[in-house]
Amino acid sequence: MIMLNFNPEVDQGKLAEILASIRGDAMGGWVDLPKNILIDEILSIKEAAKKITEEAEYLVCIGIGGSYLGHRAIIEALSPKSDVKIVYAGNSLSQRELNRVLTEVGDADFSVLVISKSGTTLEPKVAFEAFKKKLVEKYGEQASSRIYATTDAHKGELHDEAVQNGYTRFIVPDNVGGRYSVLSAVGLLPLAVAGVDIDKLLEGATEMYGDAGIQAAAKYAWLRWMLFERNYDTEVFASFEPSTAYFNEWLKQLFGESEGKGKKGIFPASLIYSTDLHSMGQFMQDGRRNLWETIIDYPTDELNRKVVKAVRAAHSQGGIPVLNIGVPSYDEKGFGELIYFFEMACAISAKLQGVNPFDQPGVEAYKKLLKDGQNGKATL
Ligand code: PA5
C-alpha cells in the first residue's frame, strides 16, 4: 500500500462529516466505482476491446480533459503491449495536430472511440467529424460498426447520434464527473485495448477503498490544508520517471478543476526529475518560498534512487516542505492505488477549503464563450 513520510493529526469527526457529504453528493458515484463496477460491464469492455484488436491497427481515442487524461496517463506510464496502437485526437483545436493524427493513421485499418460525457464539447466534436469522414471514405456503410461512444446514458448529442446509428455504446455514470471517471468505462475501455490489465488496476484501487486507504488520503489532504493555511499556495508534483509526465497532467486537472474556484485553491504544478533539476531546479532550491513539493516516489533503479534522496535533502535544506508518497509497485496495481488515493485526497481537500470538488464552473464558462463566439479582453 502507498506509504507516506508524514503523519498529521486528522480530526476524525470532521473527516466523518466530509466523507458523508462526499458519499451523499449527487456526483459522489466515483467513491464506490472500484467495488461497484458490474462484472457484466467489465465483460462488455473486454469484448469490445477484443473486437477492436481484431479489426484495427489503430484506435483513435477522441476526448478532452477527464475524458482522456486518466487513461492516457496509465498507457504512457506502463507502455503495455498491444497489437493496436492508440492515438489521441480531440484534445485541442489545432488543425495541424488533427492533420498529423489523420496522416499517422493513413491507410491503416482503424476504429474510433469517442468519449464525451456531455456529448457537446467542441474539441472532440471537431475531431470526431474528421475521423467519421475518414471512416466513411474507407469503410462505407460499415463505418458505424467501427465507432465506439462513451457518453451519458440518456441524453446529449453524442448519445442521440450513437443510438440512431447503432454505435457500440458505453456509459459515463450520471453520478461520476469527467476527472473522477478513469475507473469507469471512460478509462477502462481504452486501457483494455492498450493491453493494460484492468482487473489489477481495479484491485489496486480497491485496496485504497478500505479504511487504511481513506486514512492515508485524509492525512495527505490535512497536510495540504495545513500548508495552505500557512500561505503555501502552490503544490509541485515531482516524479523521477519521465513516462509519468501524463500522470502529472492528470493530477493537475484533478486538483486544479476540483479546488480552483471561488477565488480559492492551491495551484498545481509539475516537474520531472532529474531533467527539470537542470532548469526549474534553481527555483525549487532557491526561489520564492510559497510552494511545497509532493514527490510521487515510484520504485526506481539505484542511480535514480540516489537522485531522489539527494533532491529530498537539498530541497528540505532549501526550505521547501517535501511530502513523499511512496508507490508500492510500478504496475497496474500501483497506479490503481494512486488513482483512488489522489481522487479521495482531492475531494477531501476541496471540502476542507470549503469548495465543491465536483463542479467546474470556470471550464463551463470557457465552453459557453467559445460556443457563443465571444473573445475575451485583456485587463490589467
Ligand atoms: O472533468 C471534467 O468535467 C472536464 O475536464 C471534462 O472531462 C471535459 O471538459 C470534457 O467534457 P465532456 O466529457 O463532456 O466532453
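In this text the structure is predicted, and so the values were computed from the model without any measurement.

**A look at the site of the ligand**
Stage number 1. Near the ligand lie 14 residues; those nearest to it are S67, S116, S118, T121 and Q253.
Stage number 2. Between the ligand and S116, the relevant distance is 2.6 Å, taken from an oxygen atom to a side-chain nitrogen or oxygen of the residue.
Stage number 3. Separating an oxygen atom of the ligand from a backbone N or O atom of R179 is a distance of 3.0 Å.

**Things to note about the sheet that holds strand β1 (residues 3-4)**
Strand pairing within a sheet occurs via backbone hydrogen bonds; the two strands may be parallel or antiparallel.
Stage number 1. If you trace the five strands from one edge of the open sheet to the other, you get β1-β10-β9-β7-β8, paired in mixed fashion. Looking at the sheet topology across the chains shown, the edges are occupied by β1 and β8 (267-272).
Stage number 2. Pairing of strand β7 (residues 234-239) with β8 involves six bridges; the strand directions are parallel. Each bridged residue has a counterpart across the sheet, and for F237 the counterpart in β8 is S270.
Stage number 3. Packed on one face of the sheet, helix α13 (residues 302-317) meets β9 (291-297) and β10 (322-326) and runs near 165° to β9.
Stage number 4. Relative to β10, helix α14 (residues 332-353) is tilted by about 135°, and along the sheet it contacts β1, β7, β9 and β10.

**Points about unusual backbone geometry**
Stage number 1. The step from Y273 to S274 runs through a cis peptide bond, and the omega angle for that step is 0°.
Stage number 2. In this structure, S274 sits in the loop between β8 and α12 (281-286).
Stage number 3. Despite not being glycine, N231 shows a phi value in the positive range, around 75°.
Stage number 4. Among the secondary structure elements, N231 is positioned in the loop between α10 (211-229) and β7.
Stage number 5. On the basis of relative accessibility, which here comes to 65%, the residue N231 falls in the exposed class.
Stage number 6. Of note, K263 is a non-glycine position whose phi angle comes to about 60°, a positive value.
Stage number 7. We classify K263 as exposed; its relative accessible area is 87%.

**Overview of the domain arrangement of the protein**
Stage number 1. As far as domains go, the protein holds domain 1 (3-26 + 202-361) and domain 2 (29-196).
Stage number 2. For domain 1 and domain 2, the distance between their C-alpha centroids amounts to 28 Å.
Stage number 3. With 32 residues of domain 1 at the contact, the number on the domain 2 side is 27 residues.
Stage number 4. Approximately 2,600 Å² of surface area, both sides summed, lies buried where domain 1 meets domain 2, with 67% of it carried by carbon and sulfur atoms.
Stage number 5. Area buried by domain 1 at its contact with domain 2 is led by L202, Y209 and Y246, which between them contribute 26% of it.
Stage number 6. Connecting domain 1 to domain 2 are one salt bridge.
Stage number 7. Here R179 and E257 are joined by a salt bridge, their closest N and O atoms 3.0 Å apart.
Stage number 8. Across the contact surface, domain 1 and domain 2 share 13 residue pairs in polar contact (both at pLDDT 80 or more).
Stage number 9. Listed by contribution, the elements that provide at least two residues to the side of domain 1 that touches domain 2 are α1 (12-23), α9 (198-209), α11 (245-259) and α14.
Stage number 10. Looking at the side of domain 1 that touches domain 2 residue by residue, the classes come out as 18 nonpolar, six polar and eight charged.

What counts, and where the lines are drawn
Starting afresh in each chain, residues are numbered from 1 along the sequence in its written order. With the structure being a predicted model, the display of local features is reserved for residues of pLDDT at least 70 and the display and counting of side-chain atom pairs for 80 or more, all residues being used for whole-chain, interface and lining totals. Side-chain metrics in this entry use all non-hydrogen atoms of the structure; hydrogen atoms and water are not considered. Nearness here has a simple test: a residue counts as near a molecule or strand if at least one of its heavy atoms is within 4 Å of that partner. Polar contact is the term for a pair of N or O atoms within 3.5 Å; when the atoms are in protein, one must be able to donate a hydrogen and the other to accept it, and sequence-neighboring residues count only if both atoms are side-chain atoms. A pair of strands is considered paired only if DSSP assigns at least 2 bridges between the two. Counting from the N terminus, the helices are DSSP H or I runs at least four residues long and the strands are E runs at least two residues long. By definition in these notes, contact holds between two residues if any of their heavy atoms fall within 4.5 Å. Each axis is a line fitted through C-alpha atoms, taken for helices only over the stretch in contact, and angles between the N-to-C directions span 0 to 180 degrees. Exposure is judged per residue with a 1.4 Å probe applied to protein chains only, and the accessible area is read against the type maximum: over 50% gives exposed, under 20% gives buried, and values in between give partly exposed. Each domain's limits were defined by an automated method or a database of domain assignments. Here the buried area means the combined drop in accessible surface, using a 1.4 Å probe, for two parts upon being joined, counting both sides. Here, a salt bridge means any Lys or Arg side-chain nitrogen found within 4 Å of an Asp or Glu carboxyl oxygen. Ten residue types, Ala, Val, Leu, Ile, Met, Phe, Trp, Tyr, Cys and Pro, are classed as nonpolar, four, Asp, Glu, Lys and Arg, as charged, and the remainder, Gly among them, as polar.

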